[in-house]
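Given next are the chains, with one letter for each unit.
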Protein chains: 2
Amino acid sequence: VFQQSSHSLLHEEWANLAPVQQVEQFKSLSVAEAKKFLIELSTWEQARLLSALPEDDRWLWLRALAPDDAADVLQQASEDERKLLLQHLEQTTRDEVAGLLAYRQDVAGGLMSPRYAQLHDDMSVAEALAYLHRQAIEHVETLYYVYILDAERRLIGVTSLRELFAAAPELSVKQIMHTDFIRVTDDTDQEHLSLLFAEHNLIAVPIVDGDGKMKGIVTIDDIVDVVEEEATEDMQKMGGSEALNAPYLEIGLLAMIKKRAGWLVILFLSEMLTANAMSYYENEIAKAVILAVFVPLIISSGGNSGSQATTLVIRAMALGQIRLRDWWRVLRREVVVGTALGVVVGVIGLCRIVGWQAMFHSYGEHYNLIAATVGVSLIGIVAWGSVAGAMLPFILKRVGFDPASASAPFVATLVDVTGLMIYFTIAASILRGTLL
Amino acid sequence: VFQQSSHSLLHEEWANLAPVQQVEQFKSLSVAEAKKFLIELSTWEQARLLSALPEDDRWLWLRALAPDDAADVLQQASEDERKLLLQHLEQTTRDEVAGLLAYRQDVAGGLMSPRYAQLHDDMSVAEALAYLHRQAIEHVETLYYVYILDAERRLIGVTSLRELFAAAPELSVKQIMHTDFIRVTDDTDQEHLSLLFAEHNLIAVPIVDGDGKMKGIVTIDDIVDVVEEEATEDMQKMGGSEALNAPYLEIGLLAMIKKRAGWLVILFLSEMLTANAMSYYENEIAKAVILAVFVPLIISSGGNSGSQATTLVIRAMALGQIRLRDWWRVLRREVVVGTALGVVVGVIGLCRIVGWQAMFHSYGEHYNLIAATVGVSLIGIVAWGSVAGAMLPFILKRVGFDPASASAPFVATLVDVTGLMIYFTIAASILRGTLL
């Protein structure tokens, strides 16, 4: 489907090698090839490769990375190792990297690059182009946007290489720069930042500190990783485990068990309430064992509709399509949708019992009452599942938790316990005097 | 947290207005403001706004969009409306848009922009810079990469504005261009394409046809939308419904019911097997009602561990961390992890029964056998849930389905039915001669 460069072909195979072989392969490359290869690896792979290299090579190759990438790799290292590696960097880079290490990895400051194209506000367009020419030969992350700073390094405007090209050379950059543009403070959450990029189709955003001083830029290629990372975290939470924060095959078995045992135990403890509920209705079950037969079918249908609703709402929230104040609109929708789905499923359940009775006479003389119990319960429980599943993310968000914690299994457990109560209450009122 | 431009503030409020008010607000903007505002809207919103505008305004504003964005908007329109709108575009744009409309929206050709910076292979660096200067003043999507085409418009090399800046003016572009680079054919799937961007930290990729002729470029800002869209589709499928392909609050109630009813009914029909399984064990339940009491607890635990495993595996597959050939490694991991999780949960279940017995004498003289039945069943079912949940995406992918269809509810349903059989088989062998 596509032609890859020779390096990327190597990369595919390389990722599956043992660490020792990875180092060997890496060392067999020419310096230029090795540099390009290293830059294209993920942070995870860079850190693993660097730590597998002999100590002397390690800091040599660390220098090949851009300061924001080097900082990401150093985040993975131990405290001691980090200090050691920092010492080996050149003064300028060391300061840049140390500055970036001060930020949490999931805020704008932790994503930004300190290497951006900048101009002084007193330059002319001709001077600016000559100055950028020099900056381009050195390293800047992107020339797409060019930032204009005042004498205190405060960000006062933005322009682009294209606009500088098109402008009359004798104009001052102040005359052509834009002053109405989006900037972000260094403590902005990365999820928020990625929504901003998506909403405004941005290529790069300047990052300023509390005083409006320019600190760096975040470019859209870093945001792709953020979007992917945040979606992965949300999915893993929605599946009922903690976020792994590492590739599936990379994480140790013990760590994997820990990440999954927590929620599984919490769900199990909550689900124990179903045993209490069932015990509470033990006499009814003893009188009409047929009621127990439909328990898994009925409670799982509620869990399924709840899982649908909670997934749709959580994702819409993450994409900024639904805000807290929309809860009422969502509730109204889910009541209608949930009831409709309940009727569909309820009618099928009713037909199943009537049909089975006609064919196998499985359910005795009161089969019609049993069919009614199952049908009505399904309508109630599927509707309740949709409503509970849709509202739970709102409640979690309102009290300050991550709405993605309203995982499908969590909603299913909640609906299982309440579903049993709905089922046996309806059974009691329909079957009293006949089976019960 | 961040300062927005005045337009983006407007956007927030605007999105919540009724269509008539949206048009009014839009018309109250100056032409320059309106253009900037329109470009920043999502395709979805652009299409809705344009269709709400009077006919004369509609094509006027359609012209304001870049050809790839215009093509996306036209994808949303009806066949007739599309033809009508196309006629109103200028000749060049019309050809570009019509060319893009020929592609499916989820392949590279449907994402690309036909406006890229290009050079002829016989130019010198000085000529190239002068030529780019002219292209920059017109419209190209990005100046980050510059593509070198031969006389037949075949893509033969790539360079960057930065490299041109740095090169001696008298060199030819052929001497400084790179010939070992990644290019992609126009029929490449967008999910594949986004993995390629992520793997190689790309900013833009050139798109060629089967003959190697340059067709356009896909830039990373389009890929952010793809990554978000693919993650949303996967999540919605993993939650047990079809992908909505529209924002939650935008989709009609009937469409919403249709998207959810399909899977809900399939799951319900499969879950009906639990009623058969329960009927099959009706005699056992009649003899020992206590067995029914633990049914929801036991089968849901299997569903929960299955949900965890399937989510982790599906996401790892989507990110390219796991390939089909890794199934054996995943199976081994899940056997170990699932068994460990089963032991954790099984021990808690066992303690619950022994503890309840000590406190309330709920379970009669054979409480220890009941505890053993529940404990052993939990180990077996949680381990089985993990394995089944992890393997299902592999099986689906192997036979050509989307692995994300192995939704949490689907796995839970599968594990419910098999889990009942495991539970009652274990119960029969432990309790035979006492309760059964």
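Everything in this summary refers to the structure shown in the same document. (Residues numbered from 1 in each chain as written. Chains lettered and ligands numbered in written order. Predicted model: local features only at pLDDT ≥ 70, side-chain atom pairs only at ≥ 80, totals over all residues. Heavy atoms only, no water.)

1. With respect to the overall build of chain A
Okay, so step 1: When you go through chain A residue by residue, the secondary structure sums to 21 helices and 7 strands.
Okay, so step 2: Rg of the C-alpha trace for chain A: 30 Å, well past the compact-globule value of 22 Å for 436 residues, more than 25% over.
Okay, so step 3: Once the C-alpha set of chain A is aligned to its principal axes, its extents read approximately 95 × 55 × 45 Å.
Okay, so step 4: Across the 436 residues of chain A, 56% fall into the buried class.
Okay, so step 5: Roughly 17,800 Å² of accessible area belongs to chain A as shown, and the carbon and sulfur atoms make up 57% of that amount. (Helix = DSSP H or I, 4+ residues; strand = E, 2+ residues; numbered from the N terminus. Rg over C-alpha atoms; globule rule 2.2 N^0.38 Å. Buried < 20%, exposed > 50% of the residue type's maximum accessible area, 1.4 Å probe, protein only. Areas by Shrake-Rupley, 256 points an atom, 1.4 Å probe, with all protein chains shown as cover.)

2. Concerning the pairing of strand E7 (residues 214-219) of chain B
Residues in a regular strand point their side chains to alternate faces of the sheet.
All names here are of chain B.
Okay, so step 1: Extensive coverage of E7 is indicated by the burial of 5 of its 6 residues.
Okay, so step 2: Pairing of strand E6 (residues 204-208) with E7 involves 5 bridges; the strand directions are antiparallel. Among the inter-strand pairings, Val208 is bridged to a residue of E7, identified as Met214.
Okay, so step 3: Counted along the chain from E6 to the antiparallel partner E7, the turn is 5 residues long, and its residue Gly212 has a positive phi close to 80 degrees. (Pairing = 2+ DSSP bridges.)

3. With respect to the relation of the copies chain B and chain A
Okay, so step 1: The transformation that overlays chain B on chain A combines an axial shift of 0.0 Å with a rotation of 180 degrees, and the residual RMSD is 0.1 Å. Such a combination of turn and shift is consistent with a two-fold rotation axis. For chain B, the residue whose C-alpha comes nearest the rotation axis is Val224 of chain B, separated from it by 2.7 Å.
Okay, so step 2: The overlap is high: 99% of the interface residues of chain B also sit at the interface in chain A, so the same surface is used on both sides. (Least-squares fit on C-alpha atoms with pLDDT ≥ 70 in both. Contact = heavy atoms within 4.5 Å.)

4. Focus on the packing of helix H18 (residues 295-318) of chain A against helix H20 (residues 367-398) of chain A
All names here are of chain A.
Okay, so step 1: Between H18 and H20, whose axes approach to 7 Å, the crossing angle comes to 30 degrees. Taken as axis vectors, H18 and H20 run roughly parallel relative to one another. Once H18 is placed against H20, the crossing between them reads as right-handed. Contacts between H18 and H20 involve Ile298, Ser301, Gly302, Ser305, Gly306, Ala309, Thr310, Val313, Ile314 and Met317 from the former and Val374, Ser377, Leu378, Ile381, Val382, Gly385, Ser386, Gly389, Ala390, Pro393, Phe394 and Lys397 from the latter. (Axes fitted to C-alpha atoms, helices over the stretch in contact; angles between N-to-C directions. Parallel < 35°, antiparallel > 145°, perpendicular 65-115°, else oblique. Left-handed = near helix turned anticlockwise from the far one by under 90°.)

5. Structural notes on the interface of chain B and chain A
Okay, so step 1: In this assembly, 135 residues from chain B lie in contact with 133 residues from chain A.
Okay, so step 2: Overall, the association of chain B and chain A removes approximately 11,800 Å² of surface from exposure, summing both partners, and the carbon and sulfur fraction of that is 64%.
Okay, so step 3: Considering only the surface of chain B that becomes buried against chain A, Phe165, Tyr248 and Arg333 of chain B emerge as the three largest contributors, covering 7% of it.
Okay, so step 4: At the junction of chain B with chain A, the criterion picks out 2 salt bridges.
Okay, so step 5: Among the ionic pairs, Arg260 of chain B bridges to Glu334 of chain A, the shortest N-O distance being 2.9 Å.
Okay, so step 6: Scanning the region where chain B abuts chain A turns up 26 residue pairs in polar contact (both at pLDDT 80 or more).
Okay, so step 7: For the side of chain B that touches chain A, the element with the most residues is helix H15 (residues 253-280) of chain B, which contributes 18 residues.
Okay, so step 8: Here the side of chain B that touches chain A is composed, by residue class, of 74 nonpolar, 36 polar and 25 charged. (Buried area = accessible area lost by both parts, 1.4 Å probe. Salt bridge = Lys/Arg side-chain N within 4 Å of Asp/Glu carboxyl O. Polar contact = N/O pair within 3.5 Å; in protein donor to acceptor, adjacent residues only side chain to side chain. Nonpolar A, V, L, I, M, F, W, Y, C, P; charged D, E, K, R; others polar.)

6. Concerning empty space enclosed by the protein
Okay, so step 1: What the rule picks out here adds up to 10 cavities of 30 Å³ or more.
Okay, so step 2: Of the volumes computed, that of the largest cavity is approximately 250 Å³.
Okay, so step 3: Every residue lining the largest cavity is counted, 24 residues in all, and those nearest its centre are Gly303, Asn304 and Ala412 of chain A together with Asn304 and Ala412 of chain B. (1 Å grid on protein atoms, 1.4 Å probe; cavity = no way out; pocket = protein on both sides within 12 Å on 5 of 7 lines; lining within 4 Å. Points joined across faces, edges and corners; volume = space filled by probe spheres on them.)

7. As for the packing of H20 of chain A against helix H21 (residues 408-431) of chain A
Residue and element names in this part refer to chain A.
Okay, so step 1: Relative orientation of the contacting elements H20 and H21 amounts to 150 degrees, with a least axis distance of 9 Å. Between H20 and H21, the angle falls in the class roughly antiparallel. Once H20 is placed against H21, the crossing between them reads as right-handed. Residues Leu369, Ile370, Ala372, Thr373, Val376, Ser377, Ile381, Trp384, Gly385, Ala388, Gly389 and Leu392 of H20 touch H21, and the partners they reach there are Phe410, Val411, Leu414, Val415, Thr418, Gly419, Ile422, Tyr423, Ile426, Ala427, Ile430 and Leu431.
Okay, so step 2: Here the contact of H20 with H21 is built from residues that sort into 18 nonpolar, 6 polar and no charged.

8. Here we look at the nonpolar core
Okay, so step 1: Grouped together as the largest cluster of nonpolar side chains are 134 residues, with contacts concentrated most on Phe294 of chain A together with Phe294 of chain B.
Okay, so step 2: Among residues more than four places away in sequence, those in contact with Phe294 of chain A are Ile353, Tyr363, Ile370, Val374 and Tyr423 of chain A together with Ala275 of chain B.
Okay, so step 3: With 91 residues, the next largest nonpolar core counts Trp14, Leu41, Leu85 and Val107 of chain B among its residues. (Core = buried A, V, L, I, M, F, W, Y, C linked by side-chain atoms within 4.5 Å.)

9. Quick notes on the environment of Met238 of chain B
Okay, so step 1: Assignment of secondary structure puts Met238 of chain B in helix H14 (residues 220-238).
Okay, so step 2: Take Met238 of chain B: its relative accessible area is 8%, and that puts it in the buried class.
Okay, so step 3: A C-alpha to C-alpha distance of 6.6 Å links Met238 of chain B and Ala406 of chain B, two positions 168 residues apart in sequence.
Okay, so step 4: Residues contacting Met238 of chain B, with those up to four places away along its chain left out, are Met235 of chain A together with Thr311, Ile314, Ala404, Ser407, Ala408 and Pro409 of chain B.

10. Regarding a nonpolar patch on the surface
Okay, so step 1: The grouping of Val335 and Val336 of chain A together with Leu253 of chain B at the surface amounts to a nonpolar patch, some 210 Å² of accessible area in total.
Okay, so step 2: Of note, Leu253 of chain B is situated in helix H15. (Patch = residues over 30% accessible without salt bridge, like charges linked within 9 Å, V, L, I, M, F, W, Y side chains within 5 Å.)

11. Some thoughts on the sheet that holds strand E3 (residues 145-149) of chain B
Residue and element names in this part refer to chain B.
Okay, so step 1: As summarised here, the arrangement of the 3 strands in space is E2-E3-E4, forming an open sheet in which the pairing is mixed. The open sheet terminates on both sides in strands that have one partner only, identified here as strand E2 (118-120) and strand E4 (155-160). Neighbour to neighbour, the strand axes of the sheet diverge by 30 degrees on average, direction disregarded.
Okay, so step 2: Both E2 and E3 contribute to a ladder of 3 bridges, which runs parallel. Looking at E3, one finds that His120 is bridged to Leu149.

12. A word on helix H21 (residues 408-431) of chain B
All names here are of chain B.
Okay, so step 1: Helix length check: H21 (24 residues) gives 32 Å between terminal C-alpha atoms against 34 Å at 1.5 Å per residue, within 8%.
Okay, so step 2: Thr418 marks the point of greatest bend in H21, at about 25 degrees.
Okay, so step 3: Of all 24 residues in H21, 17 are buried, a share of seventy percent or more.
Okay, so step 4: Within two residues after H21, Gly433 carries a phi angle of roughly 90 degrees, on the positive side. (Expected span 1.5 Å × (residues − 1). Bend = angle between axes of the 7 residues up to and from the residue.)

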